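Residues per chain, in single letters:
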Amino acid sequence: MTLQHKINSGFGARSTAEEVLQGLDLAGTTAMVTGRYSGLGLETTKALAAAGAWVVVPARRPDHAQEVLGSAGLYPDRVAVDALDLADQHSVKDFSARFLDSGRSLDILINSAAIMASAEKRVVSGWESQFATNPLGHYTLTNLPWPALTAGGGARVVALSSTGHKLSGIRFDDPQFNTGYDKWQAYGQVKTADSVFAVWLDRRGRGAGVRAFAAHPGGIMTELQRHLPREEMITAGWLDAQGKVDPRFKSPEQGAATSIWAATAPVLAEMGGVYCEDCDIAEPTDPDSPTSPLAGVDAHAVDPDAAARLWDLSAELTGINVFA
């Protein structure tokens, strides 16, 4: 069991994806990162491809993804694009089947796509949209390609969490917010879900050579904020009255670094099941510290009992469980 404590990785909050990959050759590896053709995902894709990985790009709008990635010099020589809507379980199943049919092993899976604090919306299944996309979409996307994850040996799965996990644990009595919707509680729940997903997946997958990590990229101004009014971001201190971004925010290149570090760092070869931030394993939250709202991982987000319970709930809702 990996301890939830820093290992002094040599990197930090301002390290970039390029820096954490320095000296690593990913030629011959296949990576998959959801949400990877905009913002943080695009930077993740660019960095992995530059290090030699072949990157599979799941996209809700494949034509748009091809255009963006082509403009970045990535498509079609260094990435492949295929259709995927994480909020639609049928779409996830179809995508996973096509990927398995390709015969490729899957060495890196970074579950990056997310919705943040959106207005209440129900997907076709009736699930709340934030919960349907993340974690349930990523749960199925990890379970169904499992043969590809175990084929090469040494695969890593990274689930993007955030300090949003501090807003809410898993609402097991009403995870779909059927009795009243709060956009920030819903976001907090899915960020906690991302973290405990990694806890349980690592525990169950390590015997097959698959290790899992949760990663907090840091505050970054990207399309993730598209559902938030400008006034709300000013009130939160993310922007000043003139629209200038708080200097504590990271660049996309810096934001991509922690998930890439978790997915590739040799020092983590025998580790897993922990929450990472600033290119290191995070410390448990110190509730007496003035930085507690912004740093560290709360106990409920690495709770193995909550992790097991969420896995069982996800299996019940999706009808899928690779470990059953």
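Look a little higher up for the structure.
**Observations regarding the nonpolar core**
Then, number 1: In terms of nonpolar packing, the biggest core is built from 51 residues, with M32, L141, L149, V157 and L201 touching the most fellow members.
Then, number 2: For this core, the elements supplying multiple residues, two or more each, are α4 (89-101), α5 (129-143), α6 (146-151), β5 (156-160), α7 (183-205), β6 (211-216) and α11 (304-318).
Then, number 3: The element best represented in this core is α7, accounting for 9 residues.
Then, number 4: The residues touching M32, leaving out its near neighbours within four places in the chain, are V56, P58, F95, F99, L106, I108, L109, I110 and L141.
Then, number 5: I110, V158, L160 and A257 belong to the second largest nonpolar core, which has 40 residues in total.

**Topic: the layout of surface pockets**
A probe matching the size of a water molecule, rolled over the atoms, marks out where space remains unfilled.
Then, number 1: Considering only enclosed or pocket space, the second largest pocket measures out at about 230 Å³ in volume.
Then, number 2: The dominant element in the lining of the second largest pocket, judged by the number of residues it contributes, is α7, at 3 residues.
Then, number 3: Among the residues forming the lining of the second largest pocket, the class breakdown is 6 nonpolar, 4 polar and 3 charged.

**Details of the state of the cysteines**
Then, number 1: All chains considered together, the criterion is met by 0 disulfides.
Then, number 2: We note that C276 lacks a disulfide partner, and the nearest cysteine sulfur, in C279, lies 9.3 Å from it.

**Let's talk about empty space enclosed by the protein**
Then, number 1: Using the criterion set out here, one finds 1 cavity of 30 Å³ or more in the structure.
Then, number 2: Within this model, the largest cavity holds a volume of roughly 30 Å³.
Then, number 3: Taken together, Y139, V196, F197, W200, A307, L310, W311 and S314 make up the full set of residues lining the largest cavity.
Then, number 4: For the lining of the largest cavity, the elements supplying multiple residues, two or more each, are α7 and α11.
Then, number 5: With 4 residues, α11 is the single largest residue contributor to the lining of the largest cavity.
Then, number 6: Counted by class, the lining of the largest cavity contains 7 nonpolar, 1 polar and no charged residues.

**A look at the sheet that holds β5**
Then, number 1: In space, the 8 strands of this open sheet follow the order β3-β2-β1-β4-β5-β6-β7-β8, with mixed pairing throughout. A single partner strand is all that each edge strand has here, and the edge strands are β3 (79-83) and β8 (280-281).
Then, number 2: Note: strand β7 (residues 274-277) against β8, 2 bridges, orientation antiparallel. Along β8, the bridge assignment pairs C276 with I281.
Then, number 3: Running at roughly 160° to β6, α7 makes contact with β4 (108-111), β5, β6 and β7 of the sheet.
Then, number 4: Sitting on the sheet, helix α10 (residues 257-264) touches β4, β5, β6, β7 and β8, and the angle it makes with β5 is about 160°.

**Re α11**
Then, number 1: Here α11 spans 21 Å end to end across 15 residues, near enough to the 21 Å set by a 1.5 Å rise per residue.
Then, number 2: Regarding α11, the residues found buried are A306, A307, A308, L310, W311, L313, S314, A315 and T318.
Then, number 3: The residue sitting at the N-terminus of α11 and contributing the capping side-chain oxygen is D303; that oxygen lies 3.1 Å from the backbone nitrogen of D305.

**Examining the side chain of S96**
Then, number 1: Considering the arrangement of structural elements, one finds S96 in helix α4.
Then, number 2: S96 gets classed as buried once you look at its relative accessible area, which sits at 1%.
Then, number 3: With residues up to four places along the chain from it excluded, the contact list for S96 reads L141, L144 and P145.

Thresholds, definitions, all that
Residues numbered from 1 in each chain as written. Predicted model: local features only at pLDDT ≥ 70, side-chain atom pairs only at ≥ 80, totals over all residues. Heavy atoms only, no water. Core = buried A, V, L, I, M, F, W, Y, C linked by side-chain atoms within 4.5 Å. Buried < 20%, exposed > 50% of the residue type's maximum accessible area, 1.4 Å probe, protein only. Helix = DSSP H or I, 4+ residues; strand = E, 2+ residues; numbered from the N terminus. Contact = heavy atoms within 4.5 Å. 1 Å grid on protein atoms, 1.4 Å probe; cavity = no way out; pocket = protein on both sides within 12 Å on 5 of 7 lines; lining within 4 Å. Points joined across faces, edges and corners; volume = space filled by probe spheres on them. Nonpolar A, V, L, I, M, F, W, Y, C, P; charged D, E, K, R; others polar. Disulfide = S-S within 2.5 Å. Pairing = 2+ DSSP bridges. Axes fitted to C-alpha atoms, helices over the stretch in contact; angles between N-to-C directions. Expected span 1.5 Å × (residues − 1). Polar contact = N/O pair within 3.5 Å; in protein donor to acceptor, adjacent residues only side chain to side chain.

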